[in-house]
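# Report on the structure
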Amino acid sequence: MSFVSRGFQGRRRQDADPSRVPPGQYVTDDFPVLSAGPTPHTALDEWTFSIVGEVNEPRRWTWDEFRALPSEEVTVDIHCVTKWSKLDSSWEGVSVDTLLDGVETSAEYIVELADGGYTTNLPLEDVTGGKAWVVFAFDGEPLEAEHGGPARMLVPHLYFWKSAKWVRALELRTSDEPGFWEINGYHNYGDPWQEQRYWGD
Amino acid sequence: MAGAALLGRLTWRAAEVVEVRPETPRVKTLVFDVVDWPGHRPGQHVDIRLTAEDGYQAERSYSIGSASDGNRIELTVERLDDGEVSPYLTGELRPGDTIELRGPIGGYFVWEPPQGGPLLLVAGGSGVVPLMAMVRARAAVGSDVETRLLFSSRGWDDVIYRDELERLGGNGLSVVQTLTRSQPPGWRGYARRVDAAMLAEVGPSAPERPRVYVCGPTPFVEAVAEALVGLGHEPTAIRTERFGPTGG
């Protein structure tokens with residue numbers, strides 16, 4: 001049911017490769033912030049990161065232990081459900097493969113658990129195989145609190161709400177459990193190329 | 001999931017402009033008649049879609065400013081000079097035009113009168129729009145839930161919904177304005193950015209456990225939410241919605 005909006009020209013970005021911009025998205029150079037509540041501030045000496053749930057043995061790292069893990073620099077495109085996309089964003093973090101290395105599990109799903117009570121769910125296979133990181137730097141600088149610092153998830157192939165800010169644990173699960181936005185009207189999977197923004201998309 | 005089956009797909013609907021109302025020099029309210037609009041809860045938003053003659057499309061999200069009222073919804077849009085969509089909505093669109101729209105969207109930044117109070121609403125500029133939907137819904141059902149609206153604008157002429165807010169005050173609603181850049185002669189209200197001291201004076205205080213909704217530009221929301229946490233409000237009682245520097 002698409003029709004022309006009288007007098008609307010639009011302003012296409014000439015410098016953005018259209019094949020990298022999912023339907024309904026526009027490219028921005030800014031880095032907008034979206035959060036459901038106040039920004040948490042966890043001191044680094046109180047910060048830990050855990051793997052919990054359906055695992056043979058839970059794991060936990062302090063900040064120093066986490067930062068001693070091998071890290072990677074990744075440059076990826078990110079897509080927010082509120083319509084902006086940011087191309088070639090550069091991050092540094094620890095691959096989820098590294099965090100799960102040697103973990104024995106029958107889980108098929110995970111929930112990301114974050115400070116402030118935020119959760120988001122996704123299939124385990126969407127965070128393994130070089131598809132997801134726990135990142136602590138953006139553009140070569142420590143990640144700012146309002147963007148999820150000290151560390152956030154980065155799952156760039158899904159809408160960005162699947163990349164929880166202030167992430168503190170991954171819970172491995174045998175069943176799928178809708179997270180915060182997923183309960184509040186947003187799509188359970190969130191593939192930007194399928195434009196899976198909301199329930200029923 | 002169960003909700004998907006209940007709600008079905010949010011389909012694009014034709015929305016005809018029935019009125020365009022200037023609010024301030026930079027802000028207009030667009031009143032739409034939306035075929036088969038299912039109704040909405042205060043605080044929810046819609047996606048709109050514009051299509052150029054060559055098929056190019058732009059989508060954006062806008063908060064709904066009106067209380068649920070049949071097929072009628074109101075969006076209040078601030079013109080961002082370097083934006084792609086807001087100059088069209090505020091400069092070009094006129095009664096009789098039709099755009100596409102889908103919604104309502106969002107289930108968290110929502111307040112309905114039966115949820116009760118007390119309620120603290122803190123708005124920066126056009127961040128007042130979803131909070132106005134709450135204020136209007138409250139008035140529409142004759143609710144006397146204790147409600148404070150602290151509203152920060154640059155100057156008196158930039159105060160969105162100014163006359164209506166003056167009319168709606170009372171019956172448990174108090175509206176407190178702060179004007180951050182310029183004040184009219186004789187202004188006796190606040191004349192600075194929202195800070196902890198102002199939030200403490202406006203109340204309700206943390207022990208009264210108000211439900212708190214904060215909406216505005218990101219630095220505004222960051223500062224207000226942080227000040228509220230500092231005043232002892234439970235972080236989980238503070239719901240925020242932020243407008244980035246882009247989005248227009």
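Because the structure is predicted, anything quoted here is derived from the model rather than measured. Position numbers for residues count from 1 along each chain, tracking the sequence in the order it is written. All chains are assigned letters beginning with A, and all ligands numbers beginning with 1, in the order in which they are written. Per-residue local features of the predicted model are confined to residues with pLDDT of at least 70, and side-chain atom pairs are confined, for both listing and counting, to 80 or more; whole-chain, interface and lining totals are unaffected and use all residues.

### Brief notes about the overall build of chain B
Selection criterion: Note on conventions: DSSP H or I runs of at least 4 residues are helices, E runs of at least 2 residues are strands, and numbering of each starts at the N terminus. A residue is called partly exposed when the number of other C-beta atoms within 10 Å of its own lies between 12 and 20, exposed at 12 or fewer, and buried at 20 or more, with C-beta atoms placed from the backbone. Two residues qualify as a contact pair if the distance between their C-beta atoms, derived from the backbone, is within 7 Å.
When you go through chain B residue by residue, the secondary structure sums to six helices and eleven strands. When the backbone C-alpha atoms are referred to their principal axes, chain B occupies close to 55 × 45 × 30 Å. Every one of the 248 residues in chain B was classed for burial, and the buried ones make up 45%. Once local pairs closer than 6 in sequence are excluded, the contacts in chain B between residues at least 24 apart make up 72%.

### Side note on the domain arrangement of chain B
Residues and elements named next belong to chain B. For clarity, the cut-off: Marked domain ranges trace back to an automatic or database domain assignment. Three classes are used, and their members are as follows: Ala, Val, Leu, Ile, Met, Phe, Trp, Tyr, Cys and Pro are nonpolar, Asp, Glu, Lys and Arg are charged, and the others, Gly among them, are polar.
We note that the domain assignment places domain 1 (2–105) and domain 2 (113–243) within chain B. Once you take the C-alpha centre of each, domain 1 and domain 2 turn out to be 24 Å apart. Each side of the interface is counted separately: domain 1 has 13 residues, and domain 2 has 14 residues. Residues of the side of domain 1 that touches domain 2, tallied by class, amount to five nonpolar, six polar and two charged.

### Quick word on unusual backbone geometry
Here A:G149 and A:P150 are connected by a cis peptide whose omega angle stands at 15°. With respect to the secondary-structure elements, A:P150 resides in the loop between β9 (141–142) and β10 (152–154). The peptide bond linking B:G203 to B:P204 adopts the cis configuration, its omega dihedral lying at -10°. Mapped onto the elements of the fold, B:P204 is located in the loop between α5 (196–202) and β10 (211–217). Here the phi dihedral of B:D36 falls at roughly 60°; this positive angle occurs in a residue that is not glycine. Looking at the element boundaries, B:D36 is found in the loop between β2 (27–34) and β3 (45–51).

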